[in-house]
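# Residue-level structure breakdown
The residues making up each chain are set out below.
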Amino acid sequence: MIKGLLRTVAIFVPVFLVATFVTFALRALSGLSPAHLQLGESATPETVARIEHEWGLDRPFLTQYLDWFGDLLGGDLGVSWFNGADIARLLLSGAVVSLSVAGLALVIGVVFGFGFGVLAAVRRTTWVDRAITGFMTFISVMPSFVVGIALVVVFAVGLGWFPSAGYAPAERGWAVWLAHITLPAVALSFDTVSDVARQLRAGLVAAYRENYVTGAIVRGLSPRRIFLRHVLRNGMGPALTVLGMKFPNLLGGAVVTESIFGMPGFGQFAADSAQRGDVPAVQGVLVVSVVLVVVFNLLVNVILARVTPASARGV
């Protein structure tokens, strides 16, 4: 496990360096300037040069990058071109919203994905297995924005069980907070549920065919012990790997979902910043996204090494 952790960290460092360099190069590639954002059409070459000098944008590119990267390591993401606000503070408020929705969507995906996957594997080749496989295929092709609109129409407008839009922080009460994030989380979770269930079902069915399972049956071990000690531990690797790849999709899907439910989250902030041409804000969004994705994948790799024996052996 320690070797796997060190290997993941060793991969993270160059990935992070390349990602930050490409992210910082966005301003030079875009040709945008804070002068155009602040002054609009009235910007003249003289005012553009003056404002860019105030922001330090007339210095050599590598000098700007090294200063920005040094501030980044200290937790300083800079200030917005649009309103001069601290980007880290803006991102924190939006990230709380998005991570709440994505976290609940991930929990729903794990619980129902593992539940359906285990049931399909245990009842393999029966009508239960076929029904679950068909249902997972059906929900996997449903876009999150279509699911979100349908959920609002049925459960918010029709039945009135949930609020149709907005976000309430946990300080106002856990029930109110959960009510606001449930529908967007469910809309985001469909793809995760289907992929986790199908990968888990395939992994468990393959594990049932291994010789060590046959040997356990011959030794007279109970079906429950065989499943928990041998089949589940060795067959859940593909499903856990899928979870590591699904987290970026949940963050990316938040852009559409937050627009439907009117939530001031991470994705909505990124979309608004991109439309305004607020390059430092977009850079901050990308850097935080890279860190979140890499950290989540690091956690998945640690869990894999702890849970699945084959992963711990590097198989």
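Everything discussed here concerns the structure shown above.
Residues numbered from 1 in each chain as written. Predicted model: local features only at pLDDT ≥ 70, side-chain atom pairs only at ≥ 80, totals over all residues. Heavy atoms only, no water.

## Some remarks on the packing of aromatic side chains
Within a pair of aromatic rings, the relevant descriptors are the distance that separates the centres and the angle that separates the planes. Just so we agree on the cut-off: Classification of ring pairs uses Phe, Tyr and Trp, with its six-membered ring standing for Trp, and accepts pairs whose centres are within 6.5 Å; under 30 degrees between planes counts as stacked, over 60 as edge-to-face, and the remaining range as tilted.
Under the counting rule described, the total for this entry stands at eleven aromatic pairs. Through a chain of ring-to-ring contacts, three or more aromatic side chains come together here, namely Phe21, Phe24, Phe61, Tyr65, Trp68 and Phe69.

## Comments concerning the nonpolar core
So the rule is basically this: Residues belong to one nonpolar core when they are buried, are Ala, Val, Leu, Ile, Met, Phe, Trp, Tyr or Cys, and are joined through side-chain atoms within 4.5 Å. Burial here depends on accessible area, computed with a 1.4 Å probe over protein chains only, as a share of the maximum for the residue type. Under 20% is buried, over 50% is exposed, and the range in between is partly exposed. For the purposes of this entry, the term helix denotes a DSSP run of H or I that reaches at least four residues, the term strand denotes a run of E that reaches at least two, and both are numbered from the N terminus. Contacts were defined at the residue level, with two residues in contact if any of their heavy atoms lie within 4.5 Å.
The biggest cluster of nonpolar side chains holds 49 residues, and the ones touching the most others in it are Phe114, Leu204, Val231 and Met263. Going through the elements one at a time, α6 (87-122), α7 (127-140), α8 (144-158), α9 (174-208), α10 (211-218), α11 (223-235), α12 (237-261) and α14 (279-307) are the ones with two or more residues in this core. In terms of residue count, α9 provides more of this core than any other element does, 13 residues in total. In contact with Met263, not counting residues within four places along its chain, are Val97, Val101, Gly166, Tyr167, His180, Ile181, Pro184, Glu258 and Gln268.

## Comments concerning the environment of Leu243
Summarising the element assignment, Leu243 is placed in helix α12. Taking the relative accessible area as the measure of exposure, Leu243 reaches 8% and is therefore buried. Expressed as a C-alpha distance, the spacing of Leu243 and Asp195, which sit 48 residues apart in the sequence, is 8.7 Å. Leaving out residues up to four positions away in the same chain, Leu243 has contacts with Leu106, Val110, Thr192, Val196 and Phe296.

## Side note on the side chain of Asp195
Examined against the element boundaries, Asp195 turns out to sit in helix α9. Taking relative accessible area as the criterion, Asp195 reaches 18% and is therefore assigned buried.

## Examining the packing of α6 against α9
Under the convention used in this document: Every angle, taken between N-to-C directions, lies between 0 and 180 degrees, and every axis is a line fitted to C-alpha atoms, over only the stretch in contact when it is a helix. Crossing handedness is read from the near helix: turned anticlockwise from the far helix by less than a right angle, it gives a left-handed crossing, and turned clockwise, a right-handed one. Think of it as three bins: nonpolar holds Ala, Val, Leu, Ile, Met, Phe, Trp, Tyr, Cys and Pro, charged holds Asp, Glu, Lys and Arg, and polar takes everything else, Gly as well.
Two elements in contact, α6 and α9, have axes separated by 4 Å at closest approach and are oriented at 35°. In this structure, α6 crosses over α9, and the sense of that crossing is right-handed. When the residues that make up the contact of α6 with α9 are grouped by side-chain class, the tally is 25 nonpolar, seven polar and one charged.

## Focus: the pattern of salt bridges
Opposite charge on two side chains permits pairing when their charged atoms draw close. Cut-off, in case you're wondering: Salt bridges, as used here, are contacts in which a Lys or Arg side-chain nitrogen is within 4 Å of a carboxyl oxygen on Asp or Glu.
Counted according to the given criterion, the structure contains two salt bridges. A salt bridge links Arg201 to Asp129; its shortest N-O distance comes to 2.6 Å. Here Asp129 lies in helix α7 and Arg201 lies in helix α9, a separation of 72 residues in the sequence. Accessibility expressed as a relative area gives 25% for Arg201, which makes it partly exposed. A salt bridge links Asp195 to Arg198, with the nearest nitrogen and oxygen atoms 2.8 Å apart. Taken as a pair, Asp195 and Arg198 lie in helix α9 at a separation of three residues, close to a single helical turn.

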